[in-house]
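Close look at the chain arrangement
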Amino acid sequence: MNAVLVSSKGTFGSIKGISRVEGDFSCAVEVQKTIPFLKKAYGDSMHKVLHVGPDTCSVVARLLEEEDTQAWGIEPYDIEDAGHFCKKLVHKGIVRVADIKFPLPYRAKSFSLVIVSDALDYLSPRYLNRTLPELARVSSDGLVVFTGYPRHHKAKVADKSRFGGLAKLRSSTWWVRFFVQTSLEENEVAIKKFELAALKKSYVPSCQIFHLRSYH
């Protein structure tokens, strides 16, 4: 997937070029494409959303355009080269810069839905064992994970310099096995609703999408 310049209408009509991911791999753009399907799948659970991952400013901006949706973001990496709008979101506390290998700065069930894209692909199983349960902990109604397809990614020097290493893209079988190991169950109801909404629009995903239940 090529780098995409984000141009939004409505409240954020003047925002352009928020997305900063370079190269062939960005599920953050995919998150924005699937927001209508996520709304069909999660309904009222889309009222209070946390997005975690690179380019979270672009995703948060898109979510804030939705009626009755509050959104926050966590950017796991340095944002020194971010644009003015992104830094404004950070200044307001809507977006935080935080290392997701450590406990998240939120209470349990602080958000109805947590969406994570790209960031997990850069974590080893050791850190995933900490981070995935944390993402589930701060959600009350579900966790949606966007990861790259192994066959779609071409390693870029820019990726390594920005994220400290290349993405470790895994198969769906690997992920499902890992979810089971961390006691995370797939949300069958959300999966069916999401797939039905996507089918009606002939949507073909460019990233793997997993719908998981929150811890209860």
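Residues numbered from 1 in each chain as written. Predicted model: local features only at pLDDT ≥ 70, side-chain atom pairs only at ≥ 80, totals over all residues. Heavy atoms only, no water.

Quick word on helix H7 (residues 188–200)
Relative to the 18 Å expected for 13 residues at 1.5 Å per residue, H7 spans 19 Å between its end C-alpha atoms, a close match to the ideal helical length. The inward-facing, buried residues of H7 contact helix H1 (27–42) and strand S6 (207–212). Ser202 occupies a position one or two residues after H7 and carries a positive phi of about 55°. (Helix = DSSP H or I, 4+ residues; strand = E, 2+ residues; numbered from the N terminus. Expected span 1.5 Å × (residues − 1). Contact = heavy atoms within 4.5 Å.)

Points about the packing of H1 against helix H2 (residues 56–64)
Axis angle and axis distance: for two packed helices, these are the angle between their axes and the distance between the axes, and together they describe the pair. At a minimum axis distance of 9 Å, the contact between H1 and H2 shows a crossing angle of 10°. In terms of axis orientation, H1 runs roughly parallel to H2. Residues Ala28, Val31, Gln32 and Ile35 of H1 form the contact with H2, whose participating residues are Ser58, Val59, Arg62 and Leu63. (Axes fitted to C-alpha atoms, helices over the stretch in contact; angles between N-to-C directions. Parallel < 35°, antiparallel > 145°, perpendicular 65-115°, else oblique.)

Some words on the pattern of salt bridges
All told, the structure shown has four salt bridges when counted by the stated rule. Across the salt bridge formed by Glu66 and Lys39, the nearest N and O atoms sit 2.8 Å from each other. With Glu66 in the loop between H2 and strand S2 (70–75) and Lys39 in helix H1, this residue pair connects regions lying 27 residues apart in the sequence. Residue classification places Glu66 among the buried residues on the basis of a relative accessible area of 16%. A relative accessible area of 33% places Lys39 in the partly exposed class. Measuring nitrogen to oxygen at the nearest pair gives 2.8 Å for the salt bridge that ties Glu134 to Arg137. With Glu134 and Arg137 both in helix H4 (residues 125–137) and three residues apart, the pair spans about one turn of that helix. For Arg137, a relative accessible area of 26% puts it in the partly exposed group. Each of Lys39, Arg62 and Glu66 takes part in salt bridges that share partners, so that together they form one network. (Salt bridge = Lys/Arg side-chain N within 4 Å of Asp/Glu carboxyl O. Buried < 20%, exposed > 50% of the residue type's maximum accessible area, 1.4 Å probe, protein only.)

Quick word on the state of the cysteines
Should the sulfur atoms of two cysteines be covalently bonded, the bond is a disulfide. Following the criterion strictly, the structure yields two disulfides and no others. One disulfide bridge connects Cys27 with Cys207, the sulfur atoms lying 2.1 Å from each other. One disulfide, between Cys27 and Cys207, carries an S-S torsion of -105° and so falls in the left-handed class. One end of the pair, Cys27, is in helix H1; the other, Cys207, is in strand S6, and 180 residues separate them in sequence. Between the sulfur atoms of Cys57 and its disulfide partner Cys86 the distance amounts to 2.0 Å. Measuring handedness by torsion sign, the sulfur bridge of Cys57 and Cys86 sits at about 60° and is right-handed. Of this pair, Cys57 sits in helix H2 while Cys86 sits in helix H3 (residues 84–91), and the two are 29 residues apart along the sequence. On the basis of relative accessibility, which here comes to 7%, the residue Cys86 falls in the buried class. For the protein chain, the bonded cysteines connect in the pattern 1-4, 2-3 when numbered consecutively along the sequence. (Disulfide = S-S within 2.5 Å.)

Structural notes on the sheet that holds strand S3 (residues 95–97)
Two modes of strand pairing occur in sheets, parallel and antiparallel, and in both the strands are linked by backbone hydrogen bonds. Spatially, the six strands line up as an open sheet ordered S3-S2-S1-S4-S5-S6, and their pairing is mixed. Of all strands in the sheet, those with a lone pairing partner are S3 and S6, marking the two edges. Sheet twist, expressed as the mean angle between neighbouring strand axes with direction ignored, is 15°. Examined bridge by bridge, S2 and S3 share three bridges and lie parallel to one another. In the sheet register, Glu75 faces S3, and the bridge partner there is Val97. The strands touched by H2 within the sheet are strand S1 (48–52), S2 and S3, with S2 carrying the most contacts at an inclination of about 175°. (Pairing = 2+ DSSP bridges.)

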